[in-house]
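Observations on the model geometry
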Amino acid sequence: MAQESIDDFIQMAKDYAKAEKELGVQHWVFVSIERKGEFGDRERIYSYDLPRELYERRKWVIRWRAAKLQCQYPKDSINCYLSYYDNRLGNDLKLTDDLRTLISCKAQVSKQQRLIDEYVAWHSTNDLFFDEENDDGLMKVRKKLAQKVANVKAAEERLKLKIKEYETERKRLDTASR
């Protein structure tokens, strides 16, 4: 495998950010502070539901709260748990996994398209006999790109279907609880 440079990782992060922006992902974090008693019983003492930006800027508040609770319950173990999620989809692991898959597929398409554009631009300026329509390597890569685009569409449809199922289940549970 070829050695990857830091620029590749930065570009990959940009591709992921672009895909998340296109999908309108709202990053949130659920923070739960729990205590574990002497007999192994767990109790949630405090919880926060915050935008991830706010959490990243105000981590000290969570640490301060955990330290205060440790002083209140000196014999118990105080643990802080974080759960990152998209606010539109809720904290459902199944939806989060599908969203990550979709973001990854979109990032792969962006990367592949960028590589094709760079290849065509370089060969158009440096290769006198370059024929974009008959280049074997370029045709193979475009076939792969078409497959990746199909994967994006399939992932979008799968996510939309699961969101519908999730919303109907949530509505059913809401009406049943009333």
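Counting restarts for each chain: residues are numbered from 1 in the order of the written sequence. Two thresholds apply to this predicted model, a pLDDT of at least 70 for residue-level local features and 80 or more for giving and counting side-chain atom pairs, whereas whole-chain, interface and lining totals are computed over all residues. Heavy atoms from the whole structure form the basis of all side-chain values; hydrogens and water molecules are not counted.

**Overview of the overall build of the protein chain**
- Looking only at helices and strands, the protein chain features five helices and three strands.
- Helices and strands in the protein chain line up, N terminus first, as α-β-β-α-α-β-α-α.
- Its C-alpha atoms give the protein chain a radius of gyration of 24 Å, clearly above 16 Å, the size a compact globule of 178 residues would have.
- Along the three orthogonal principal directions, the C-alpha set of the protein chain runs to about 75 × 45 × 25 Å.
- Split into buried and exposed, the 178 residues of the protein chain put 25% on the buried side.
- Note on contacts: a residue pair is in contact if any heavy atoms of the two residues lie within 4.5 Å. A sequence separation of at least 24 residues applies to 64% of the contacts in the protein chain between residues at least 6 apart. For helices the rule is a DSSP run of H or I covering at least 4 residues; for strands it is a run of E covering at least 2, with both sets numbered from the N terminus onward. Here the radius of gyration uses the C-alpha set of atoms, whereas the globule reference equals 2.2 Å times the residue count to the power 0.38. Accessibility here uses a 1.4 Å probe with only protein chains present; expressed as a share of the type maximum, an area under 20% marks a residue as buried, one over 50% as exposed, and anything in between as partly exposed.

**Some remarks on the pattern of salt bridges**
- A side-chain nitrogen of Lys or Arg and a carboxyl oxygen of Asp or Glu constitute a salt bridge if their distance falls within 4 Å. As enumerated under the stated definition, the model contains six salt bridges in all.
- Between arginine 35 and aspartate 76 there is a salt bridge, with the nearest N and O atoms lying 2.9 Å from each other. Pair noted here: arginine 35 is in strand β1 (residues 27-36) and aspartate 76 is in the loop between α3 (59-72) and β3 (77-86), with a separation of 41 residues, a long-range link.
- The residue glutamate 156 makes a salt bridge to lysine 106 at a minimum N-O spacing of 3.9 Å. Of the two residues, glutamate 156 sits in helix α5 (residues 136-177) while lysine 106 sits in helix α4 (residues 93-126), which places them 50 residues apart along the sequence.
- Given the relative accessible area of 15%, lysine 106 is considered buried.
- Ionic contacts of the salt-bridge type, sharing partners, join the residues Arg35, Glu43 and Asp76 into one network.

**Let's talk about the confidence of the model for the protein chain**
- Per residue, pLDDT measures the predictor's confidence, with a range of 0 to 100. A residue-level look at the protein chain finds 94% of positions with pLDDT of 70 or above and a mean pLDDT of 84.
- Least confident of the elements in the protein chain is helix α1 (residues 6-23), whose mean pLDDT is 79; most confident is α3, at 94.

**Regarding the sheet that holds β3**
- Pairing within the open sheet is antiparallel, and its three strands lie in the order β2-β1-β3. At either margin of the open sheet sits one strand with a lone partner, and together these are β2 (42-51) and β3. On average, each strand axis in the sheet is inclined to that of its neighbour by 20 degrees, with strand direction left out of account.
- Bridge count for β1 against β3 is 10 bridges, and the pairing is antiparallel. Bridge pairing links histidine 27 to aspartate 86 in β3.
- Where helices are involved, their axes are fitted lines through C-alpha atoms of the stretch in contact, as for all axes, and angles between N-to-C directions lie from 0 to 180°. The sheet contacts of α3 involve β1, β2 and β3, and relative to β2 the element is tilted by about 165 degrees. For two strands to be treated as a pair, DSSP must find no fewer than two bridges joining them.

**Overview of the side chain of glutamate 34**
- Along the chain, glutamate 34 falls in strand β1.
- None of His or the chain ends enter the tally, which takes Lys and Arg as positive and Asp and Glu as negative. Buried charged residue glutamate 34 carries no salt bridge. Nearest counter-charge: arginine 42, at 4.0 Å.
- For glutamate 34, the residues in contact, after removing those within four places along its chain, are Arg42, Glu43, Arg44, Ile45, Ser77, Ile78, Asn79 and Tyr81.

**Remarks on the packing of aromatic side chains**
- For Phe, Tyr and Trp, rings pair up if their centres lie within 6.5 Å, where Trp contributes its six-membered ring, and each pair is then called stacked (planes under 30 degrees apart), edge-to-face (over 60) or tilted (otherwise). Applying the stated criterion across every chain yields a total of two aromatic pairs.
- A ring has a charge above it when a Lys NZ or an Arg CZ is no more than 6 Å from the ring centre and no more than 35 degrees off the ring normal. Above the ring of tyrosine 73, the side-chain terminus of arginine 35 is found at 4.2 Å from the ring centroid.
- Over the ring of tyrosine 46 we find arginine 65; its NZ or CZ atom is 3.9 Å from the centre of that ring.

**Re a nonpolar patch on the surface**
- Grouping into patches uses exposed residues only, defined as over 30% relative accessible area, and leaves out salt-bridged ones; the cut-off is 9 Å for like charges and 5 Å for nonpolar side chains (Val, Leu, Ile, Met, Phe, Trp, Tyr). Per-residue and other accessible areas were derived by the Shrake-Rupley procedure at a 1.4 Å probe size, with only the shown protein chains allowed to occlude residues. A surface patch of nonpolar side chains, about 470 Å² in accessible area, is lined by Ile6, Phe9, Ile10, Met12 and Tyr16.
- Overall, tyrosine 16 belongs to the partly exposed group, its relative accessible area being 31%.

**Some details on the pairing of β1**
- Note: β1 against β2, nine bridges, orientation antiparallel. Paired with arginine 35 across the strands is glutamate 43, a residue of β2.
- With antiparallel pairing between neighbouring strands as the criterion, β1 and β2 make up a hairpin whose turn holds five residues, including glycine 40 at a positive phi of roughly 90 degrees.

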